[in-house]
Amino acid sequence: MAGRPRSFDRDAALAVAVEQFWRAGYEETSVATLTAAMGLTPPSLYAAFGDKRRLFEEAAALYFQRTCEAVDHATALPTAREAVARVLADTARAHTDPATPAGCLMLTEPRLEAQRDVLRRRLQDRLDQGVRDHDLPPTTNTDHLARFLVAVLRGMSGSARDGGTVEDLQGIADAAMAAVPAPPDDRVADRS
């Protein structure tokens, strides 16, 4: 038994890695920081997760899965405007939650461009559905609007990292909602 690595909870260690990368980013997070936070020796980290890059990829995938679950929940709301409002409000709360690092790993980490593009496509799909469902005008440029919304989300993350409060971020969200078109007149009349 001597020399055998101590068993550890891999999921718990991965959650710690997520937080370390979220707090400081890939470049600023050292293997020494990771091993100290995770309670592992470097050989144990390498045996369990491979190198720092592979650990980051696994941590980022876990973080992204959770983000997608929240976005999917929001985009299931009845209208595109409700869906966008929920994504923005959830973002304001999540980015300022004192239980987690400020901001968003996916929105601020340069290495996660592909994940941001998936988020943009999910938002655009929901906006496209809003056009099909007539709760957004047929002239809505859903590509531009989805790109704008991702830019707003990234700005909210940066604001949170700079010390912005939930109220500050909700103010940004409220201002961004002005860019989401109101339903066409015939849809408003149908709801009366």
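Look up: the structure comes first, before these words.
One numbering rule holds for all chains: residues counted from 1, following each sequence as written. The predicted origin of the model limits local features to residues at a pLDDT of at least 70 and limits the giving and counting of side-chain atom pairs to 80 or more, whereas totals for whole chains, interfaces and linings rest on all residues. The side-chain figures draw on all heavy atoms in the structure; neither hydrogens nor water molecules are used.

## As for the environment of Thr 165
So, point 1. For the purposes of this entry, the term helix denotes a DSSP run of H or I that reaches at least four residues, the term strand denotes a run of E that reaches at least two, and both are numbered from the N terminus. Checked against the element boundaries, Thr 165 lands in the loop between α8 (142–161) and α9 (166–177).
So, point 2. Separated by 70 residues in sequence, Thr 165 and His 95 place their C-alpha atoms 8.9 Å apart.

## Re α9
So, point 1. Multiplying 1.5 Å by the helix residue count minus one yields the expected span of that helix. The end-to-end C-alpha distance of α9 is 16 Å, a good match for the 16 Å that 12 residues give at a rise of 1.5 Å each.
So, point 2. Three labels apply to residues, based on accessible area from a 1.4 Å probe with only protein chains included: buried if under 20% of the type maximum, exposed if over 50%, partly exposed otherwise in between. All buried positions along α9 are accounted for by Leu 169, Ala 173, Ala 176 and Met 177. The buried residues of α9 all sit within an arc of 105° when viewed along its axis, so they share a single face. Along α9, exposed side chains directed more than 90 degrees from the buried face belong to Glu 167 and Ala 175. Taking the helix axis as origin, the arc is that swept by the directions to the C-beta atoms.

## Structural notes on the packing of helix α4 (residues 52–75) against helix α7 (residues 113–132)
So, point 1. Relative to each other, α4 and α7 sit at 10°, their axes nearing to 11 Å. As far as their axial angle goes, α7 and α4 are roughly parallel. Residues Ala 60, Ala 61, Phe 64, Cys 68, Val 71, Asp 72 and Thr 75 of α4 form the contact with α7, whose own contacting residues are Gln 115, Val 118, Leu 119, Arg 122 and Arg 126.
So, point 2. Of the residues assigned to the contact of α4 with α7, the class counts are 7 nonpolar, 2 polar and 3 charged. Note on method: axes are straight lines fitted to C-alpha atoms, helices fitted across the in-contact stretch only, with angles between N-to-C directions ranging 0 to 180 degrees. Geometric relationships in this document are graded by angle, where less than 35 degrees denotes roughly parallel, more than 145 denotes roughly antiparallel, 65 to 115 denotes roughly perpendicular, and other angles denote oblique. Note on contacts: a residue pair is in contact if any heavy atoms of the two residues lie within 4.5 Å. In the scheme used here, Gly and all other residues not listed as nonpolar or charged are polar, with Ala, Val, Leu, Ile, Met, Phe, Trp, Tyr, Cys and Pro taken as nonpolar and Asp, Glu, Lys and Arg as charged.

## Looking at the environment of Thr 29
So, point 1. For Thr 29, the location among the structural elements is in the loop between α1 (10–24) and α2 (31–38).
So, point 2. The exposure class of Thr 29 is buried, given its relative accessible area of 1%.
So, point 3. Considered as a pair, Thr 29 and Val 150 are 121 residues apart in the sequence and their alpha carbons are 25 Å apart.
So, point 4. Every residue in contact with Thr 29, bar those within four places of it in the chain, is listed here: Gln 20, Phe 21, Ala 24, Leu 34 and Lys 52.
So, point 5. What qualifies as a polar contact is a pair of N or O atoms within 3.5 Å, subject to a donor-acceptor requirement within protein and to the restriction that residues adjacent in sequence count only when both atoms come from side chains. Within the local environment of Thr 29, its side chain forms a polar contact with the backbone oxygen of Gly 25, the two atoms lying 2.6 Å apart.

Coordinates in, geometry out; function isn't part of it.
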